[in-house]
Each structure stands twice: as C-alpha cells, then as structure tokens.
Amino acid sequence: MIKAILIFNNHGKPRLSKFYQPYSEDTQQQIIRETFHLVSKRDENVCNFLEGGLLIGGSDNKLIYRHYATLYFVFCVDSSESELGILDLIQWPEQHPKQVGSQQVFVETLDKCFENVCELDLIFHVDKVHNILAEMVMGGMVLETNMNEIVTQIDAQNKLEKSEAGLAGAPARAVSAVKNMNLPEIPRNINIGDISIKVPNLPSFK
Amino acid sequence: MALKMVKGSIDRMFDKNLQDLVRGIRNHKEDEAKYISQCIDEIKQELKQDNIAVKANAVCKLTYLQMLGYDISWAAFNIIEVMSASKFTFKRIGYLAASQCFHEGTDVIMLTTNQIRKDLSSPSQYDTGVALTGLSCFVTPDLARDLANDIMTLMSHTKPYIRKKAVLIMYKVFLKYPESLRPAFPRLKEKLEDPDPGVQSAAVNVICELARRNPKNYLSLAPLFFKLMTSSTNNWVLIKIIKLFGALTPLEPRLGKKLIEPLTNLIHSTSAMSLLYECVNTVIAVLISLSSGMPNHSASIQLCVQKLRILIEDSDQNLKYLGLLAMSKILKTHPKSVQSHKDLILQCLDDKDESIRLRALDLLYGMVSKKNLMEIVKKLMTHVDKAEGTTYRDELLTKIIDICSQSNYQYITNFEWYISILVELTRLEGTRHGHLIAAQMLDVAIRVKAIRKFAVAQMSALLDSAHLVTSSTQRNGICEVLYAAAWICGEFSQHLQEPQQTLEAMLRPKVTTLPGHIQAVYVQNVVKLYASVLQQQEQAGEREAAQAATQLLVDRLPQFVQSADLEVQERASCILQLVKYIQKLQAKEVPVAEEVSALFAGELNPVAPKAQKKVPIPDGLDLDAWINEPPSDSESEDEAPKAIFHDEEHKPSRHRQPEADEEELARRREARKQEQANNPFYIKSSPSPQKRYQDAPGVEHIPVVQIDLSVPLKVPGMPASDQYVKLEQERRHRQRLEKDRKRKKQKKEKRREGRHRRHSSLHTESDEDIAPAQQVDIVTEEMPENALPSDEDDKDPNDPYRALDIDLDKPLADSEKLPIQKHRNAEVPQSPDKEAAPVLEKKSKKPKKKEKKPHREKERRKEKEKGEDLDFWLSTTPPPAAAPGPTPSLGEPEVDTVVVTAPAEEGDEPRRAVPEDEDEDERELDQKPSKHKKKKHKKEKEEKTKEKKKSRRKRPPSEEPAEEPVQNGTPEGDPLPPMSSYCLLAENAYIKVTYDVQGSLQKDSQVTVSLILENLSSSFLKSMELNVLDSLNTKMARPEGTSVHDGVPVPFQLPPGVSNEARFVFTVQSIVMAQKLKGTLSFIAKNDEGSTHEKLDFKLHFSCTSYLITTPCSSDAFAKLLESGDLGMSSIKVDGITMSFQNLLAKICFHHHFSVVERVDSCASMYSRSVQGHHVCLLLKKGENSVSVDGKCSDPTLLGNLLDEMKGTLAQC
C-alpha cells in the first residue's frame, strides 16, 4: 500500500499532499516537514530509499523519492510495494533504461498533460495534478501504470469539463486568460484586471 | 434564464479563483496568515450563495488551503453540496475536497450514502469513476456496508475503466466491513482472469494485499497465480504475484519447490531490474522455507548471491541498497554463502550514503567470527568517532552491541576488551542508547564471573568521573550507564580496590541531579558498599575509619531523603535509620559488620525474560475457573435479594466441607511441600541461598583463571580497547607459536617413531583454535524446570487486518450476503405476487430440510477435494491411487484423470458458479418482495452450483453412469447427470485421448486445446508428438523456428495406467464457423520386448461454442446491449424435453459457456462473449415439454451455428 504521496519544493513548501490514511491537518503538516527534513539533507547521488520517518507508519514503511530541479516527489509505502517498481512509477529513469518496470509514470504523465511541466504548473493547478494522480493511484493502491491510458482518460474528462462549461464558461475563461497573461509582474490588485476585462469580454455579448 | 446564467457568470468573474488565491498568497509573503484568513472570510461568503459554480470555486480554494494545513472540516456540508452537483466539473471538485478532508469522524458523512449510490449508477463513467476514487479515501464502515453491493455490481461493469476501480476499492470495503469479503470473493477471484489487463492488475493488487495479511487463506489460489505468473507479461502484475508467493511459501514448502524453476528462469531472462530483484527475494524466501533437508538448492543460492553481488557492485545506489537488503535475508539461513562476500560488504561500510552503510551494518552481524570480531569492531569504533548524525551513530552503537552479544557472546574471546569497548561508548554524547550499554554492562558483569574484578574497577572509575557523563543530563541518555556502574560496584563490592573512594563518589551532591531511578539504585548500593567497607575495616581493626564511614553516610544521606522521587525518598529514609542504628551500636563498640553484610548475602542470578510465562500449568489447575462463585451480574436489582434468600436456604448443605481426617491432612501437606519444592518461584525459608548455591554441583567447579594484569593498562594516547586488540594479537601469536612448537615436537616424535602421518603444517587458524583469554563461564539464564518450549508471541489483538482472517474456501452460507437497499414502496404494485410466494415457500420447505445434512456432507467433501487439488498440484509425482471405492479396479485411472485436470478447474469454476447465484440474486431482490423466497432461491442455486461443480470432477461421464458411490443414499430430487466438456478424440490399444477446447482469455483469436492422454497399455509411452495439418483459418501455435510440418512435443511421458493433460494453443482467424483439423499423435511405446513407433490419427473439432468465453454480465448492461440494436436475431425450438428447467440451464451454461443474467420462473436470459468480442445473448423459454431459444448476436452466422450446436445438446435432454 502507498501511505502517502507528497510533492514539495526545495524549501519544503508543499505542492501536493495526498494521504491515504486519515491524519489531522496538523499531523499532515508535521509529516510533510519531517519528510522534507529527511529528504532534503541527502546528497544528490545517494540512493532514493529512506527508512520511514517516525510519524508515518513505522518500521514497515519506506520513503521512496526522486528529486527534480526544484521539486521532491516522495512516496511513502509499506513493504508490499516493490521499491524499484515505485521508483519507476515516479519516473522511468533515463540513465537506466534497463529498469523497465512498466511504461508509465507520474512525472511523464504530468509532462504530457501540462506540456513541459514546471513547478509553476503544480503551484497553480494543484487540482489538476490531483485528478491525474487519481487515475494512477486509488486509495493507496496503484490503479494504472500505462501512461497512454491515463492521458486518454484525463483528456476525455477535460473534454467533458469543457463541454459542460459551454457558453457560460467562455467569459470566465477569457478573464482567467487575461489574469494569467503576465503572472509575475502584475502587482496583486484586482482592479487592474477589472479594467482590462472589458475589452476581450465584449465580443461574447454580440 | 440564459440571461441569468450569463449574469451569474459575470458575477463570478470577479470572484477569486484558485489561481488568484495562489497568486495572492505568493504576493503576501509577509502577512500570509492574515491574507489567508481574509480569503477564508470571502470563501465563507461565497459558500452562502445559491450558485453552485460559486460554491464549487470556493470549495476548490478550500482544498488548496487544506494542503497548507488549514482545517476545513467546517465546510463539510458545503463539500457535500458540491459533490451532489449535476455537472461533472463541480462533482469532481467536491469529491476531491471530500477525499482530502473527510474521515471516519466526519459526522455529515452519512448524508453522502445516497448521493454516492446515485453517482455509482450514473450513466456517465466519469461520474462513477470520480465517486469511486473519492470513496476510496473516506469510506467508513457504514458506507462500506451500505454500498458494498453496489460496488460488487460495478465489478462486472462493461467498461474496464469502472471495473478496475470497483475491483480496487473492494479492498477498502473489506477492511471496513469484513463481512463482505466472503460474498464478494468469488467475483474478485474471477477478475483475476479479466480480459482487460488493468482490471486483472487491480484484482491481483487486491488479493495480494489481502493475502499479505492472512496468507494461509489464499493458499488455494496458488495454482491460479502460478498460471498467471507463467503467462503474464505485465511486470507490475508479475512483481505483485511474485511478492505474494514470497508470503505463501513459508506456509507450504512444496509450493516453493515448484516455484524455484520458473523463478530462476525469470532471473536469467528478465531485463527489468525491479522484476529481477523481486524474483531473487522470493527465491530467498523459498530457500528459507526449504532450508531443512534440501541439499540440492545450493545452485539457486549461488545464483541469488551472484545476482545480488552484481546489484551491490552497480554504480546505481538504489540497486546497491536493495542488494544489501536482500543479502541480509540470505544471511539468516545461509551465512556461509554471504560470508564469502565479506570484502564487498566491508567496502560498503565506507560508502558515502548513510542508508547503504546502515544496510551493510546489518550484514556485519553475520560476518563476524572469533577471529575478526575485534578488527571489525575497531573499524566500527572509528566510524562512531567520525559519524555526524546521531541517528547513524546510535545505529552503529546498537550494532556493535548486537554483534558482540550475539548468541551468548559467542565470538568474544576477551571480555576485558569488551568492557573497555562499552566504557568507551559511554563517551558518546547525546546517544539515546545509554540503557543498552547499561544493560550490557550488567549482563556481562553478572554472567561472566571472571570479569567481575575488572568490571568493578572500570565501573568505579566511571563513577568517579560521573561528572563527565552527566554534564548535560537532561537531553542525555548516557547517564543510564551510571545505573549499571552503581549497581555493579555495590553488588560486587568485595572486588573493589578502594571502596572508600567509590563510596564517596557515590555520595556527591551532584548525584541528586540524576534521574530518580538512578538515584534509587545509588542509595541502595551505597549501603552494600558501606557494608563491605565496614567489614574490611573491622577486620583490619580500624574502628575509627569504620565510624568515619558511618558518619559520611549519616551526613550525606539526608540529601536523598529530600528527593522529590518517592522511591529515592523511601529507600534513603529507611537506610538512614539503619545507619543511625549502626552508629549507635558502633558507639557501644559492638562489631556490626557481619550482620550488615548479611543483609546483602547471596547471589543474584539472571532470570530469563520469559521465565514466568513458561512455567507450565500444573495438571488439574484451571486458571480460568472461578475461585469463588462469580457474582452474577445478569440479574437485575430487584431479583437480587431473592437470590440471596434462595442461597441462604441451600448453603449449609451445599458448601460444607467434608471433614478431613488426620491422615488426609498429612498427605496434603506432603503434596504441597512437594509442589513447593518443584516451584522455583516459591520463596522458601531454607538456609541461606548462598550456601545452597555452593552445594549445587557444577557451577563452582568451572575453573576460573586469574586474569593476568601484568601488562600496564594505561598506555598514554591510546584508547583502552585498542590496547586490548594489540594484546590479544600478541596473545594469539604466542598461543600459536606454542602450538606450533608442540606440533613440531609431536612431529619430531612421530618422525622418530618412523611414522608418516599427514599433518597440516599450515596453521589454519580456525575459530576453535583461539582459546579465550578468560575461562568464561557464562551463567545461563534461569528458567523454570520443565518450561514449555513455546516462543510464539501473542498477536496484537487490535490489528485491523485480523478481521479479514476469513476462510474463503468454505461455501457461502445463506446468511452471508451483502446488505441490499430495499425499496419499500416498490412492494405495493407487486402485491399479486405476494400470494404466490408463501405457497412456493411451503412447497420448498420440506426438501430443504431434508437436504440439509447431505448438503453439509457435500461441503465437507468439497473442501477435502479442494485440498487434494492443491496437494496434487504441488506434488511432482503422480498421486497414489485414489482411496478404495466400491469399484477400485475401474475407478483408479478415472480418478487419476479427474485430479490431473483439477488445476484447470480452479480458474474456470467461479466463472460459471458466481454470476448465477449473485447476479440473479440481486435481480430478484430488487423485484420480489418476499425475503424468504429469495433466500430459498439462493439456496437452490447454491445447491445446483455445487452439484455442478461436483459433477465436473467426475469425468469422463461416458464411462461412468450416474452411480457415483458417494452420492448413493443422498436424497436428491432430480439429480443432474454428471457433465463433462471433454469428449473423445481418438483411441487405440495404447492410448486414449479426450479433449476440450476453451477460448483463451489472454489473447484474441486464440483457443486452447486441452488433451487428456491416458495410457491404456502396459507399455511406457514416450517421445509423444502432436501434429496437425493447419488450415488457412486455424493454425497450431508452434515454437519459434519450427516449420508447419514439425510436430509439437508433448511435455511429459506416460508410464502404464497413468494419464496427464497437455495443452496446445491454436490461432483462429474466423470464428463464425465450426472447424475441423486432421492430425496425428505419434509416440514410442516401450515395454519389455522392445519399443515400437506408433501413430494415432484424429480429427479435432472446433465447435463455435468453444470460441465462447463465459463472461458475467449485469442485467443493466444486458438490457443496454439488447436495446442497442446492433444484434441480429434468430431462434430455434426443440420439442420433447423432459428435463427440469434448472438442469437445462445448468447444462447450457456448462456446455456452451454461457452465464445466466436473469431468471424468472421458466424463462432465463443468458450471456456470453466470443474470443473476438462478439456478444451473444440468449433468451431461453421452457414450455410444457419444449424449449425455445431466441438468440441475438452481432454476427448472424455465428449465431446460427451456435444455435445448431445447442439444438444438438438439447436434443439429448
């Protein structure tokens, strides 16, 4: 069983947390902190397995993680999972094409769904990441390991979502498109958005 | 309306969405908390609005805040509102929020039941999917109970996307509602062979999780998993199965034998490291389970160790880590094979990666010998000095202690060295393991008598420098060693050189800063020390000094009397009074030393930790029986006085003891004494235990060699333990020289005698050669006499998985079914049915009762057969002839056949059995009001299924008419003749071949032909080869590299009278028509006269039926299928049928691979699917004595042929 899946950045800021066992919010934060602590002090070229933290699980549990640029992907699993299998599940390692666990994986799926995924995608679309994860792992058990299958289902769901939004969704999408146009520069003030909306918005009322 | 919607959406544009929230938080880094609380206020406003889109947006933001650690449980109700939105977009947001924050304690969760049920049966697969995903995170026992049946139905959904989710979530349901496991298990098992790989993988996943917790219940699935293991190509599934086998083998060593070969093949062939690693792991598990009496597996061990070495030598740290991990498993049973890789493991100790060093440490445990212990520990000690993190250092510390103390200090040759190692370890700052070191010190000092003198010297030094150890008491666990030091100095004070000095050290004011329990030990041992000081000084006649010691105690003890710790206080005040009394006596110049010492006379022996537990309960003692009559608590209060009254009346007569005469009493006294003598825990008033100890033979006779302390111990600049290493080396060297000298002498003598004996002059310094420096008598721990050798540790009763420890092989009982939602109002329109129901019930009641007994018998028999199946599957040789029946001569080969085919059944059975009794059940329950009727129906069904199963085991039927011996005398109304799908292929004087064709689940357009070859002759049949003339449409699958004209060898030989089953795969292009293939079986028959080459020609008939695969189908899916209009229709009618409808159904299900979707009276709908995915639907109606079959199928030709074949079957009825 997978006990938890955590994504946080190099500073320990959570980007995604999924617990498959109930914990209170406080405990969840403690677990994230502890895990970050354990993982972040490890060198780059050491092994990706770690005997579990104290808070989650116990001796039966392991932390299996990968570190990409600014993000840590951590899976907390018990002994019924194969260590190498889970590593493959996070990402098929480039340097070891011989570890053909299965042709799948979390990071690559994210990459496909977000087109060159980066930390910002995860920051602003944590809900989508959750949806992708839900197609891969369910209730702590691996549901699907075939990336194409996952992407197909996600696409179909997105399409469904779009069709539901229909007419009413158009203006909202336009607004968010404008809002997103220059993310970092805009000093956070909704009024600016207010003015600029009107221009792209008008055509839809014709 | 549309305008309103648009207006709503304009309003919405100005609300913050998730992205805005995130951006806002990022821009308010300084006052994040304030900003978020502002946002939460906004969200609360949004949640109050009617617009569901606004609510969903708010909930979406809450989910993000939850990740940041904010409690959002206050919005639980709003989340449920969003979950029940009609749009998928919002529903998904709602379920996601619920999955993140709902748990068993969420009170509104019970409101979700109906919503979830609705979503589960939604026509959109994504609504269903999202509900399943959400539910998997927050399922509660109530939800599990209420929804189990709905989820069960989804397991047979037409879409694999839903099927796999439904299968996976069942594990969560089982955990929360264990009663559902047995009813759901058959279907789960059947999903192991689902055509969709995702569903299959999910089923494997669930069963592996279940089996991991309670492996023994899943042992019977081993053949099925074995089949999957040898056929699956999905590495993920393979890994899971192989891991599962790892859990199963300890329970069934024969399974291990069977596994070794395929696993070693996989190890050789796979390129996937993950798979290779799991294979090695399971092979290790197998070898462990086989470790006794299997000498010829050394090759497998070697293979594993070799592969692991490759992993460990890999540059990838992950592989290195796992290699070491697996190595440590081998170490437990085959230490020798690991020891040869010592170099590699020692090398890993220097790895920069801490995890790898830790794993290497684990292995060291098995690497040590008498010879290298000191060297290895020395290496570890340098690591201790270098180590940065406390965790790694603590780990090192425990490992050093583990290594040294293993198997009763087996490898320690010099205990002085060990004590100095322990003392060195006390210099570690901030370790958590002070108590471990302390325990070791105590243990060694108590159990190794020879070392006491040395230990006491070291400990007194430690006490003297206690201030070093206690410098930072609070966070420091190391002060625990003072506990040991104080105790050792006190208990063995006779060995102290300077007791006076130690006494003072123990009474320093600083001691009061130590933890209470250590102070308590200090106080207690101060007196012991004091006693020996007194004795020494009195003997020496130094009265003044003795009085000074007393005065010291009187002065210093009050500081302990004031201690906050009760234990310390109590002991201190007791002792203070004692000392004051002594002081008085001393003032009168009375010699007191003897008496004070007497307080502590006697030796304390170590008692084994489980000693108490192992005292056997004497015969006739029932610990659970009440000593007095238990007070009855079931009686209510007003009844109580009555009872007393009642008691009073009878008491005198009932409770009067029979007067025992004098003799009887004496006898009893004697018996009691005897018992006390045997009881080690009875405290006897016998003379001083010390004396008895000396009387006891054997203990004191062990020669205790004086320690030679001639070499000065304090070499400046070198830790003490290093010195010992050096000393030890010198000592060994001397020893060796001496031995060599002796040997040479011997040789010389021998030479002089003129004898030439082979004598190895090389000194192979084996462990045995090294004589320990001290003659060590390790006092073994005390155990009660005739202790029971039970080591089982009680299982944790709170383990949630224990509830799932359920026997799955037992057939389902009536009471075991999933609770089903009942529509009460639905009863009204169906009221006419009600009248019919009771009548039916009455009718059926009688036979039901009668049947009960044989029913149970059958169950038992079935279980037994099941066990035999597994047994056979596991055994490598043909089983002994079956139990003698009424017709043994005829029966023997038949039974053989039966058992041989058993593994195939494992897989097929449930497919046929389950959908019938469950699908139908569900349907019935929805429609029919009478509960009893339902039950009865189910029962009938069960009966039928069982009959069927049973009958399938008795085959071939052509030879054996319905006179099965076991069924004789069982009153079964309307018995169904035994059925077999195997029919005769060809037969000659040597061999008889029967065959069956089954569609393959794994691949489209493939069928498997199972041949049962039975040797009828007295010759030995070998080199059997099967060859067929391929047609354009149908081809036999031949091994690569062989031409179409080559035969395929049969993978076994047949001794006389034996039968076995072989399987061949055929690929078929078009399946709409029946096919015939001509073929030959060639073989060599060998008997006493010689061997002949023989041939048997045959015609293989592939009926259309054989392309069908029994596939369950829910009635909803069935209805949709019929409505879709893609299916062509055709029908047949057969007259003159007398067979009961039930049997008829069973027959069609069995022979034509259909499953019943729904059955109403004498009308049933059935479903099956071809290997190429054609749907075939049937409606079977029985008239007076005719049967009509309407069929619908996506291919008219196929349907026509199928109906023709069915006509043939029906005509025989």
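Quick caveat: nothing in here was measured; it's all calculated off a predicted structure.

A. A look at the overall build of chain B. What chain B contains, in helices and strands, is 44 helices and 15 strands. Buried positions account for 51% of the 1213 residues belonging to chain B. Within chain B, contacts between residues at least 6 apart in sequence are counted, and of these 70% link residues at least 24 apart.

B. Main features of the overall build of chain A. Of the regular secondary structure elements, chain A holds 7 helices and 7 strands. Out of the 206 residues in chain A, the part that is buried amounts to 54%. Once local pairs closer than 6 in sequence are excluded, the contacts in chain A between residues at least 24 apart make up 47%. Carbon and sulfur atoms provide 56% of the accessible area of chain A, an area that totals close to 9,100 Å².

C. Molecular detail of the sheet that holds strand β2 (residues 14-19) of chain A. All names here are of chain A. Taken together, the 5 strands give an open sheet; going across it, the order is β2-β1-β5-β4-β3, and neighbouring strands pair in antiparallel fashion. Each edge of the open sheet is held by one strand with a lone partner, namely β2 and β3 (49-51). Looking at each pair of strands side by side, their axes are set apart by 20° on average, direction ignored. Of the strand pairs in this sheet, β3 and strand β4 (residues 62-68) are connected by 3 bridges, and their pairing is antiparallel. What sits directly across from E51, in β4, is K62. Contacts between helix α5 (residues 126-136) and the sheet are confined to β1 (2-9), β2 and β5 (71-77), with β2 contributing the most and set at about 35° to the helix.

D. Quick look at the pairing of strand β7 (residues 1059-1068) of chain B. All names here are of chain B. Alignment of strand β3 (residues 1006-1015) against β7, held across 9 bridges, turns out to be antiparallel. Bridge pairing links E1014 to S1059 in β7. Bridge count for strand β5 (residues 1034-1036) against β7 is 3 bridges, and the pairing is antiparallel. Along β7, the bridge assignment pairs T1034 with V1068.

E. Structural detail: the interface of chain A and chain B. Contacts between the two partners involve 78 residues from chain A and, on the opposite side, 78 residues from chain B. A buried area of about 7,000 Å², summed over both sides, lies between chain A and chain B, and 55% of it is on carbon and sulfur atoms. Taken together, the connections running from chain A to chain B amount to 9 salt bridges. As a salt-bridge pair, A:K13 and B:E32 come within 3.9 Å of each other at their nearest N and O atoms.

F. Inspection of the pattern of salt bridges at higher detail. Overall, the coordinates contain 39 salt bridges over all chains when judged by the stated rule. The partner of B:D146 in a salt bridge is B:R145, with the nearest N and O atoms 3.5 Å apart. Between B:D362 and B:K399 there is a salt bridge, with the nearest N and O atoms lying 2.8 Å from each other. Note that B:D362 is positioned in helix α21 (residues 354-367) and B:K399 in helix α23 (residues 390-409), a separation of 37 residues in sequence. You can call B:D362 partly exposed: its relative accessible area is 23%. Given a relative accessible area of 9%, B:K399 falls into the buried group. Three or more residues are tied together by salt bridges with common partners; here these are A:D78, B:E209, B:R212 and B:R213.

G. The pairing of β1(A), seen in detail. Residues and elements named next belong to chain A. The buried fraction of β1 amounts to 8 of the 8 residues, a majority that puts the element mostly inside the structure. Across 5 bridges, the pairing between β1 and β2 is antiparallel. Paired with L6 across the two strands is S17, which belongs to β2. Connecting β1 to the next strand, β2, in antiparallel fashion are 4 residues, including G12 with a positive phi near 85°.

H. Local environment of helix α2 (residues 18-27) of chain B. Residue and element names in this part refer to chain B. Of all 10 residues that make up α2, 8 are buried, and the element is covered over most of its length. Those residues of α2 that sit buried are L18, Q19, D20, L21, V22, R23, G24 and I25. In this structure N17 caps α2, since a side-chain oxygen of it lies 3.2 Å from the backbone nitrogen of Q19.

I. Broad picture of the packing of α23(B) against helix α24 (residues 415-425) of chain B. All names here are of chain B. Between α23 and α24, whose axes approach to 11 Å, the crossing angle comes to 155°. As judged from the angle between their axes, α23 and α24 are roughly antiparallel. Between α23 and α24 the crossing geometry is left-handed. Of the residues in α24, those touching α23 at L397, I400, I401, C404, S405 and Y409 are F415, W417, Y418, I421, L422 and L425. Classifying every residue of the contact of α23 with α24 gives 11 nonpolar, 1 polar and no charged.

J. How the structure looks around the sheet that holds strand β6 (residues 1048-1049) of chain B. Residues and elements named next belong to chain B. Across the sheet, 4 strands lie side by side as β6-β4-β8-β9; this open sheet has antiparallel pairing. Single-partner strands in this sheet number two, and they are β6 and β9 (1090-1102). As paired strands, strand β4 (residues 1020-1028) and β6 are joined by 2 bridges and run antiparallel to one another. Each bridged residue has a counterpart across the sheet, and for L1026 the counterpart in β6 is V1048.

K. Inspection of the confidence of the model for chain A at higher detail. Residue and element names in this part refer to chain A. Of the residues in chain A, 71% reach a pLDDT of 70 or more, and the chain-wide mean stands at 77. Scored below 50 in pLDDT, residues 94-104 makes 33 contacts in the model with residues more than four places away or belonging to other chains. Here residues 183-206 is modelled with pLDDT under 50, and outside its nearest four sequence neighbours on either side it reaches 19 contacts, counting other chains as well.

L. Spatial organisation of the environment of B:V22. Residue position: B:V22 is located in helix α2. Sequence spacing of B:V22 and B:L65 is 43 residues, and the spatial spacing of their C-alpha atoms is 9.4 Å. With residues up to four places along the chain from it excluded, the contact list for B:V22 reads A:I123, A:F124 and B:Y64.

M. Spotlight on the environment of B:I1132. Residue and element names in this part refer to chain B. With respect to the element layout, I1132 can be found in strand β11 (residues 1128-1135). Taking the C-alpha atoms as reference points, I1132 and K1207, 75 residues apart in sequence, are found 7.5 Å from one another. Apart from the residues within four sequence positions on either side, I1132 is in contact with V1187, S1188, V1189, L1203 and K1207.

N. Region of interest: the packing of helix α10 (residues 160-176) of chain B against helix α11 (residues 181-190) of chain B. Residue and element names in this part refer to chain B. For the pair α10 and α11, the least separation of the axes is 11 Å and the interaxial angle reads 160°. Of the possible angle classes, the one that applies to α10 and α11 is roughly antiparallel. In this structure, α10 meets α11 at a crossing whose hand is left-handed. For the pair α10 and α11, contact is made by V167, M170 and F174 and by L181, A184 and L188, respectively.

O. Broad picture of the packing of aromatic side chains. Residues and elements named next belong to chain B. In this structure the tally under the stated criterion is 17 aromatic pairs over all chains. Ring geometry for F102 against F138: centres 5.6 Å apart, planes inclined by 65°, an arrangement best described as edge-to-face. With a gap of 36 residues between them, F102 in the loop between α6 (88-101) and α7 (113-120) and F138 in helix α8 (residues 125-138) connect regions that are remote in the sequence. Here the two residues F102 and F138 agree in accessibility, since each one is buried.

P. Focus on the confidence of the model for chain B. Residue and element names in this part refer to chain B. Averaged over all residues, the pLDDT of chain B is 75; the fraction at 70 or higher stands at 71%. Below pLDDT 50 for its whole length, residues 635-658 participates in 3 contacts with residues either more than four positions away or in separate chains. Across residues 682-718, confidence stays below pLDDT 50; counting only partners more than four residues off in sequence or on other chains, it has 32 contacts. Two summary scores accompany this predicted model of the complex, namely pTM at 0.57 and ipTM at 0.84.

So, how was this worked out
- Residues take numbers from 1 onward in each chain, read along the sequence in its written order.
- As they are written, the chains are lettered A onward and the ligands numbered 1 onward, keeping that order.
- Since the coordinates come from a predicted model, pLDDT governs what is reported: local features require at least 70, and pairs of side-chain atoms require 80 or more to be given and counted, while whole-chain, interface and lining totals use all residues.
- Working from all heavy atoms in the structure, the side-chain values ignore hydrogens and water.
- Helix and strand labels come from DSSP, where a helix needs a run of H or I of at least four residues and a strand needs a run of E of at least two; each type is numbered from the N terminus.
- Burial classes follow relative accessibility: with a 1.4 Å probe on protein chains only, a residue under 20% of its type's maximum area counts as buried, one over 50% as exposed, and anything between as partly exposed.
- The contact criterion used is simple: two residues touch if any of their non-hydrogen atoms lie within 4.5 Å.
- Per-residue accessibility takes into account occlusion by the displayed protein chains alone, with areas from the Shrake-Rupley method and a 1.4 Å probe.
- A pair of strands is labelled paired if DSSP reports no fewer than 2 bridges between them.
- Here the axes come from fitting lines to C-alpha atoms, over the contacting stretch only for helices, and the angles between their N-to-C directions go from 0 to 180 degrees.
- Buried area, as used here, totals the accessible surface that two parts lose on assembly, with accessibility defined by a 1.4 Å probe and the loss added over both.
- Put simply, a salt bridge is a Lys or Arg side-chain nitrogen that is within 4 Å of an Asp or Glu carboxyl oxygen.
- Whenever two N or O atoms come within 3.5 Å, that pair is a polar contact, provided that in protein one can donate a hydrogen and the other can accept it, and provided that, for residues adjacent in sequence, both atoms are side-chain atoms.
- To sort the angles, those under 35 degrees are grouped as roughly parallel, those over 145 as roughly antiparallel, those from 65 to 115 as roughly perpendicular, and the leftovers as oblique.
- Two helices that cross are described as forming a left-handed crossing if the nearer one is turned anticlockwise from the farther one by less than a right angle, and a right-handed crossing if clockwise.
- For this scheme, ten residues count as nonpolar: Ala, Val, Leu, Ile, Met, Phe, Trp, Tyr, Cys and Pro. Four count as charged, namely Asp, Glu, Lys and Arg, and the remainder, Gly too, count as polar.
- Within a predicted model, pLDDT stands for the predictor's per-residue confidence, ranging from 0 to 100.
- Stacked, tilted and edge-to-face pairs are distinguished by plane angle, under 30 degrees for stacked and over 60 for edge-to-face with tilted covering the rest, among Phe, Tyr and Trp rings (Trp via its six-membered ring) whose centres lie within 6.5 Å.

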